[in-house]
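# Understanding the architecture of this molecule
Take a look at the letters that make up each chain.
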Amino acid sequence: MSQRPERRGIHVDQSELLCKKGCGYYGNAAWQGLCSKCWREEYQRARQRQIQEDWALAEKLQREEEAAYVSSHSSSQTQPPQSHSQPSLATFSKFEEKKTNEKTRKVTTVKKFFSPSSRTAPKKALVSRLRESHEGKTPSPSITRQSSIETDRASQDFMEFLKTLQKPGREIQKQSRAFIDSMGNKKDLGAEELSECVQDFYQGMSDRLLNHYKGSSEKVDRVMDQVEKYIMTRLYKSVFCPETSDDEKKDLATQRRIRALHWVTIQMLCVPVDEEIPEVSDSVVKAITDVIEMDSKRVPRDKLAFITSCSKHIFNAIRVTKNEPASADDFLPTLIYIVLKANPPRLQSNIQYITRFCNPSRLMTGEDGYYFTNLCCAVAFIEKLDAHSLNLSPEDFERYMSGQASPRRQDDPAAWLQSGSRFNPALSQIHQNLSVLSNLEKRQQQVIEGAQSLQTELAEWQDSVAHEVQEILERYPLEIKSRASAIDAENVENDRLPPPLQPQVFAG
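Residues numbered from 1 in each chain as written. Predicted model: local features only at pLDDT ≥ 70, side-chain atom pairs only at ≥ 80, totals over all residues. Heavy atoms only, no water.

Check the secondary structure of the protein and you find 19 helices and zero strands. In the protein, 73% of the contacts between residues at least 6 apart in sequence involve partners at least 24 apart. (Helix = DSSP H or I, 4+ residues; strand = E, 2+ residues; numbered from the N terminus. Contact = heavy atoms within 4.5 Å.)

Let us look at helix 7 (residues 191–212). For helix 7, with 22 residues, the first-to-last C-alpha span of 32 Å sits near the 32 Å given by 1.5 Å per residue. Immediately downstream of helix 7, the backbone of Lys-214 shows phi near 55 degrees, a positive value. (Expected span 1.5 Å × (residues − 1).)

A full pass over the atoms with the stated rule returns 12 aromatic pairs. Measuring from ring centre to ring centre gives 5.6 Å for Tyr-353 and Phe-357, while their planes differ by 50 degrees; the resulting arrangement is tilted. Of this pair, Tyr-353 and Phe-357 both sit in helix 14 (residues 347–357), four residues apart, roughly one helical turn. Residue class for Tyr-353 comes out buried when judged on its relative accessible area of 1%. Assessed through its relative accessible area of 1%, Phe-357 is described here as buried. Here the aromatic residues Tyr-236, Phe-240, Tyr-353 and Phe-357 are joined through ring pairs into a cluster of three or more. (Phe/Tyr/Trp six-rings, centres within 6.5 Å; stacked < 30°, edge-to-face > 60°. Buried < 20%, exposed > 50% of the residue type's maximum accessible area, 1.4 Å probe, protein only.)

The phi torsion at Cys-241 lies on the positive side, around 50 degrees, for a residue other than glycine. Note on placement: Cys-241 falls in the loop between helix 8 (217–239) and helix 9 (247–260). We note that Arg-346 has phi near 50 degrees; this positive angle belongs to a residue other than glycine. Within the fold, Arg-346 resides in the loop between helix 13 (328–342) and helix 14.

Moving on, we come to the environment of Phe-240. The topology assignment puts Phe-240 in the loop between helix 8 and helix 9. The class for Phe-240 is buried, based on a relative accessible area of 7%. Separated by 110 residues in the primary sequence, Phe-240 and Asn-350 place their C-alpha atoms 8.0 Å from one another.

The next subject is the nonpolar core. Among the nonpolar cores identified, the biggest contains 53 residues, and Trp-263, Val-264, Leu-269, Ile-338 and Leu-390 are the most heavily contacted of them. Of all the elements in the fold, those that place two or more residues in this core are helix 10 (266–269), helix 11 (278–293), helix 12 (300–322), helix 13, helix 14, helix 16 (366–383) and helix 17 (394–402). Of all hydrophobic cores here, the second largest spans 30 residues; its members include Ile-172, Leu-209, Val-223 and Met-224. (Core = buried A, V, L, I, M, F, W, Y, C linked by side-chain atoms within 4.5 Å.)

Another point: the confidence of the model for the protein. Per-residue pLDDT for the protein averages 78, and the proportion of residues at 70 or more is 70%. Considering only residues more than four positions removed or in separate chains, one finds that residues 105–141, a stretch of pLDDT under 50, has 32 contacts. (pLDDT = per-residue confidence, 0-100.)

This paragraph deals with the packing of helix 6 (residues 167–183) against helix 7. Contact geometry for helix 6 and helix 7: axes closest at 12 Å, N-to-C directions at 170 degrees. Accordingly, the angle class assigned to the pair helix 6 and helix 7 is roughly antiparallel. Residues Pro-168, Ile-172, Gln-175, Ser-176, Phe-179 and Met-183 of helix 6 form the contact with helix 7, whose participating residues are Leu-194, Cys-197, Val-198, Phe-201, Met-205, Arg-208, Leu-209 and His-212. Classifying every residue of the contact of helix 6 with helix 7 gives 10 nonpolar, three polar and one charged. (Axes fitted to C-alpha atoms, helices over the stretch in contact; angles between N-to-C directions. Parallel < 35°, antiparallel > 145°, perpendicular 65-115°, else oblique. Nonpolar A, V, L, I, M, F, W, Y, C, P; charged D, E, K, R; others polar.)

Moving on, we come to the pattern of salt bridges. All chains considered together, the criterion is met by 13 salt bridges. Here Glu-150 makes a salt bridge to Arg-298, at a shortest N to O gap of 2.9 Å. With Glu-150 in helix 5 (residues 141–163) and Arg-298 in the loop between helix 11 and helix 12, the pair connects residues that are 148 residues apart, well separated along the chain. Owing to a relative accessible area of 21%, Glu-150 belongs among the partly exposed residues under this scheme. (Salt bridge = Lys/Arg side-chain N within 4 Å of Asp/Glu carboxyl O.)

Okay, helix 12 next. With 23 residues, helix 12 should reach 33 Å at 1.5 Å per residue; the first-to-last C-alpha distance of 33 Å fits that figure. Once helix 12 ends, the next one or two residues include Asn-323, with phi positive near 55 degrees.

What follows concerns the environment of Asp-282. Considering the arrangement of structural elements, one finds Asp-282 in helix 11. We classify Asp-282 as partly exposed; its relative accessible area is 37%.

Along the chain, the position of Thr-233 falls in helix 8. The class for Thr-233 is buried, based on a relative accessible area of 6%. Separated by 2.5 Å, the side chain of Thr-233 and the backbone oxygen of Lys-229 make a polar contact. If near-sequence neighbours (up to four positions away) are discounted, Thr-233 is found in contact with Glu-150, Thr-151, Ala-154, Glu-228, Arg-298 and Val-299. (Polar contact = N/O pair within 3.5 Å; in protein donor to acceptor, adjacent residues only side chain to side chain.)

Written out as structure tokens, the structure reads:
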């Protein structure tokens, strides 16, 4: 394997994590490097331009088809009906249909009609309904039960929390339920439109709470966390990886990409982690577990909590290895390594779900926003990983990606296992277990040999004792002598003898 003499490592300037507008908040690759606030402003301006263009296009189409109708109507009066029946009827029916639609359509409907996502929405909605009807015949009891339990628990917790707010709590409950009901009629909208609806609700609710609590942001954040938990638990099935998005395709592409990069080692990424240290190995395993468990949660805030926990385990592993606080330059390569080893399920869907439906204040500031931004950078780096990034030659990189070669030694399995154990905690554990089993096998063999030797010695001792006893009996035979009889043993009339004399005391 050819390598360059110097390793650069992976370095990302902290300024690259911030919004490109220079507002100071954390940006996101899904928002083209902007924060949620700037992205919404750009999105709304683009939507207004799109609406205006759609209206102009609709008016142009209407004028053209009216002209076509007038032309076809005038030609139908001068020519026999048989000569132009099929083309004119088709043009007339098409014109009548669009004319009726244009008269009754509002601005939002016009945008929906001309947007690409909405044109494919009816077909996808039909597929979704067919799939739901098919799955509805044989529902999974465990999944349905788990979903119902989580929804009921979230509703109960939300009600208990609102009781502490008294009058504002009743209004929050009313608005939240009304919003959930309204979202039930918007299943055919695209992912961005669904996100816009949820973010508009967050913004309106936050503004009303700020007015009520007179600018107390801590109380507002506490209430908004509960609102997000309740709403997103109820809407999870309909907004997570919706049919109108390509999240599922991105998930499959990312999983295939990570599987193809299974050969990447710690040294290639310049990860400052020594998995031979037990505490470091334990932190790595916990970090992998956290990033995998992220998919099991429904609330964006809970998914962010797992990302934060994973990142803290990474910082702990680096700190223990280097005996000093970890830096940001050390964190990102280690996070990339953790993602490669974990290959989290539905990674792109979870990132998009957090991006679209999380409370924007969490993604713009704080440790949650910082760690989430780094995770997005790690995924983007994995998608663009090349030979230059790993300090490899293009030839070696292509051979590793195609599976024709591996950076680990293949000629000696034992050497490969020992070498691989330095890169993979699972291989390290396997190597330790094999060593323990080998020692136990040797000890077991020693115990078996000792038991067999003891059994032989006991048999020989038993034979020797029996032989010695026999020799003693032959040398000194046993003689049984008769018992000596008593003096009066032959006196048969002893029962006639008088009783023995008893001493008597006489008074003198």
